[in-house]
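Descriptive analysis of the structure
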Amino acid sequence: MTGAATGIGAAITERLAGQGMHLVLVARDGTRLEAEAKRLHAEHGAQVSTLALDLSHQGAPSRLAEWLAGSGIEVDVLVNNAGVSLMGPVADTDAARVRGLIDLNAGAVAELTTLLLPPMVARRRGAIVNIASTGAYAPAPYVAAYAASKAFVLSFTQAVWAETRRTGVRVVAVSPGPTDTAMNTRRMPGKRGPGSVADTVMSALRGRGPAIVDGRLNTFQTFVFGRVLPASAAARIAERSLRKAALGN
Ligand SMILES: NC(=O)c1ccc[n+]([C@@H]2O[C@H](COP(=O)([O-])OP(=O)(O)OC[C@H]3O[C@@H](n4cnc5c(N)ncnc54)[C@H](OP(=O)(O)O)[C@@H]3O)[C@@H](O)[C@H]2O)c1
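Residues numbered from 1 in each chain as written. Predicted model: local features only at pLDDT ≥ 70, side-chain atom pairs only at ≥ 80, totals over all residues. Heavy atoms only, no water.

Looking at an unreviewed UniProt entry, one finds the protein named SDR family NAD(P)-dependent oxidoreductase, with Streptomyces marokkonensis as its source organism. You can read under Sequence similarities (unreviewed entry) in the UniProt record for the protein the words "Belongs to the short-chain dehydrogenases/reductases (SDR) family." (UniProt positions renumbered as here; feature names shortened; annotations may be inferred.)

Here we take up the overall build of the protein. The helix and strand tally for the protein stands at 8 helices and 6 strands. Helices and strands in the protein line up, N terminus first, as α-β-α-β-α-β-α-β-α-β-α-β-α-α. Scaling as 2.2 N^0.38, a compact globule of 249 residues should have a C-alpha radius of gyration of about 18 Å, and the protein matches this with 18 Å. With respect to the three principal axes, the spread of C-alpha positions in the protein is 50 × 40 × 35 Å. In the protein, which comprises 249 residues, the proportion classed as buried is 44%. When the accessible surface of the protein is split by element, carbon and sulfur atoms take 54% of a total near 12400 Å². (Helix = DSSP H or I, 4+ residues; strand = E, 2+ residues; numbered from the N terminus. Rg over C-alpha atoms; globule rule 2.2 N^0.38 Å. Buried < 20%, exposed > 50% of the residue type's maximum accessible area, 1.4 Å probe, protein only. Areas by Shrake-Rupley, 256 points an atom, 1.4 Å probe, with all protein chains shown as cover.)

The next point concerns the site of the ligand. Around the ligand, the surrounding shell holds 29 residues, and the nearest of these are Arg28, Asp54, Asn81, Tyr146 and Thr181. Contacts to the ligand include Arg28, whose side-chain N or O atom sits 2.8 Å from an oxygen atom. Within the backbone of Leu55, a nitrogen or oxygen atom sits 2.9 Å from a nitrogen atom of the ligand. Relative to its free-state accessible area of 870 Å², the ligand is covered by the protein chains to the extent of 93%. Counting residues per element, the ones that place at least two in the shell around the ligand are α1 (7–18) and α5 (144–164). Residues of the shell around the ligand, tallied by class, amount to 13 nonpolar, 11 polar and 5 charged. (Near = heavy atom within 4 Å. Polar contact = N/O pair within 3.5 Å; in protein donor to acceptor, adjacent residues only side chain to side chain. Nonpolar A, V, L, I, M, F, W, Y, C, P; charged D, E, K, R; others polar.)

A separate point is the side chain of Arg170. Here Arg170 shows up in strand β5 (residues 169–175). One buried charged side chain, Arg170, makes no salt bridge at all; its nearest oppositely charged neighbour is Asp214, positioned 14 Å away. Here the side chain of Arg170 touches Gly209 through a polar contact of 2.8 Å, landing on its backbone oxygen. Among all residues touching Arg170, those that are not within four sequence positions of it are Gly126, Ala127, Ile128, Trp161, Ala204, Leu205, Gly207, Arg208 and Gly209. (Lys, Arg positive; Asp, Glu negative; His and termini not counted. Salt bridge = Lys/Arg side-chain N within 4 Å of Asp/Glu carboxyl O. Contact = heavy atoms within 4.5 Å.)

Ile12, Leu23, Leu25, Val48, Val79, Val129 and Ile131 are the most contacted members of the largest nonpolar core, which has 26 residues in total. Of all the elements in the fold, those that place two or more residues in this core are α1, β1 (23–27), α2 (30–44), β4 (126–131), β5 and α6 (194–206). Counting 22 residues, the second-largest nonpolar core is a separate cluster that includes Leu53, Ala65, Ala108 and Val169. (Core = buried A, V, L, I, M, F, W, Y, C linked by side-chain atoms within 4.5 Å.)

Throughout the structure, instances matching the rule amount to 12 salt bridges. Here Arg15 makes a salt bridge to Asp199, at a shortest N to O gap of 2.8 Å. Of this pair, Arg15 sits in helix α1 while Asp199 sits in helix α6, and the two are 184 residues apart along the sequence. Relative accessible area serves as the criterion here: at 27%, Arg15 is assigned to the partly exposed category. When the shortest N-O distance is used, the salt bridge between Glu36 and Arg39 registers 3.0 Å. Of the two residues, Glu36 and Arg39 are both situated in helix α2; the distance of 3 residues between them amounts to about one turn of the helix.

Turning to the environment of Arg99, a few remarks are in order. Within the secondary structure, Arg99 is located in helix α4 (residues 95–123). Distance in space between the C-alpha atoms of Arg99 and Gly7 is 23 Å, their sequence separation being 92 residues.

So, in structure tokens, the structure goes:
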């Protein structure tokens, strides 16, 4: 479980611990991970390991895979949840931060999936849940790199789903819409709680399709913006609705 101690990741972790799973929590803040591990053990009796790691760094996913192998841990369920967002016009954004976002949101997801999938296929069981976003379905001005990174996650996951359909391994992308976490503190209509996303993840694990959107309104919106409208119209409408949040006018 990456990005495990806060927000959506913490809610998913809670559900998995409640099902009696042993957990490996990964994020940068080791102290917070340790506290969460202690709590999960006390409340659910879960066996929890932690690894403090910046997954945007080159080679970090390999380090995680090596650490798992060295600890004798076989991963049954990988949840790629760690992610960051950047808001603002691309022209005003620090290029290194754009690169860091892509390395984490897209690069680490693809690399961890690629590293941890083969043993699952060999065992003919396991699951990989990649957390995308409703932003994956259409271009999103002022969060351009974020939405593009999530479009990568969605497309990559759908393709791996098709490759692994007959292997006994479940691969699925889950796309939350606006969710009340540290990443998104803005007041917005239709905002959902991290618990709703965690419930959708649990049902995605039991389901069959390659991708699921959290919530009916979000599902409808991704259909309209991703399938009905041409990308140019979707981008123009999104530019108008995101302009105030990004520029304040
Ligand atoms: N909130 C929303 O509205 C929303 C909507 C759609 C999709 N999502 C997606 O949901 C996922 C979870 O986000 P959230 O809303 O729950 O926000 P969050 O509370 O900020 O969670 C992000 C998590 O990622 C970890 N993380 C950040 N950078 C990392 C790095 N370089 N290496 C390793 N771990 C890192 C953070 O822990 P550390 O700081 O300790 O590293 C944190 O636990 C993200 O992929 C996000 O894109 C969120």
